[in-house]
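One-letter residues, chain by chain:
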Amino acid sequence: MVDLEPGSAFFMPNGTWHTTAEQAGDSLSLVVAVRAPSHRDVLLNLLHYYVSQSPAWRAHPYGGWSREPALAGGAQAELARLMTDLGERMQRLPAADAFKAWSAHGFTVGIQSEYPLESRFEQFIRLPNSSVRFDDDATLGKLRITVHSGPTNRPQAQTVLAIEHEARPLVDWILSSHAAFTARALSEALPDYEPEEVEQLLGWLARAALIRPLPALEWDES
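Here goes a summary of the coordinates provided. (Residues numbered from 1 in each chain as written. Predicted model: local features only at pLDDT ≥ 70, side-chain atom pairs only at ≥ 80, totals over all residues. Heavy atoms only, no water.)

Points about the layout of surface pockets
Looking at the largest pocket, its volume works out to about 1,700 Å³. Taken together, 35 residues make up the lining of the largest pocket; nearest its centre are Leu-4, Phe-10, Met-12, Thr-20 and Val-31. Residues that form the lining of the largest pocket fall into these classes: 19 nonpolar, 11 polar and 5 charged. If you add up the space inside the second largest pocket, you get close to 340 Å³. Lining the second largest pocket are 13 residues, and of these Ile-163, Glu-164, Ala-167, Glu-197 and Leu-201 lie nearest its centre. Elements with a contribution of two residues or more to the lining of the second largest pocket: β4 (157–163) and α7 (195–207). When residues in the lining of the second largest pocket are grouped by element, the largest group, 4 residues, is from α7. (1 Å grid on protein atoms, 1.4 Å probe; cavity = no way out; pocket = protein on both sides within 12 Å on 5 of 7 lines; lining within 4 Å. Points joined across faces, edges and corners; volume = space filled by probe spheres on them. Nonpolar A, V, L, I, M, F, W, Y, C, P; charged D, E, K, R; others polar. Helix = DSSP H or I, 4+ residues; strand = E, 2+ residues; numbered from the N terminus.)

Describing the pattern of salt bridges
What the rule picks out here adds up to 7 salt bridges. Across the pair Asp-85 and Arg-89 runs a salt bridge, and its minimum N-O distance is 2.7 Å. One end of the pair is Asp-85 and the other is Arg-89, both in helix α3 (residues 69–90) and 4 residues apart, which spans about a single turn. Classification of Arg-89 by relative accessible area gives buried; the value is 6%. Across the pair Arg-133 and Asp-135 runs a salt bridge whose closest N-O atoms are separated by 3.0 Å. (Salt bridge = Lys/Arg side-chain N within 4 Å of Asp/Glu carboxyl O. Buried < 20%, exposed > 50% of the residue type's maximum accessible area, 1.4 Å probe, protein only.)

Written as structure tokens, this is what we have:
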């Protein structure tokens, strides 16, 4: 047992089993929780992003709970095949993707306000519930982009960015995309722009929730 006195503090590592005990007098305490993810959390989140790209992994194994041996055996065999295939694929998954996937997940579910500034993602997809309005900003001499993103049944989030007029074709290319794309593909489609400029713009558009990074290695069915 640990008795805390006025002004004292106690650090308890994550996962420590504990309980509190009653005391006779009045007391006031402050708890600060730092919920850093475990290796397990980071890996499982990466696998969620990675295998979700596969139609086979998204399929439902309904027969796995059947009392008919043929149906249950078929579902078990298919899952065993997928697990074996995934085990081979995991050897090619960069560990860096796991940390990028955690940052992307945190922004998506709202537990962090933005992606880390130093993060660089290679693959993106346009968010279907986003829209853009362009206006000239006479004061700055730039193009003002207003991004609306969020569910259509409630007020959408709004972010305003100011970019050079010359960068408009990059945004138009993204708005016309209907599938996942890479930063490299955008640079190759519009070679007048430096890759670093493209990456910076994609970073800001991701923070504005016009696009979303896909941080895991692309799933290859071959």
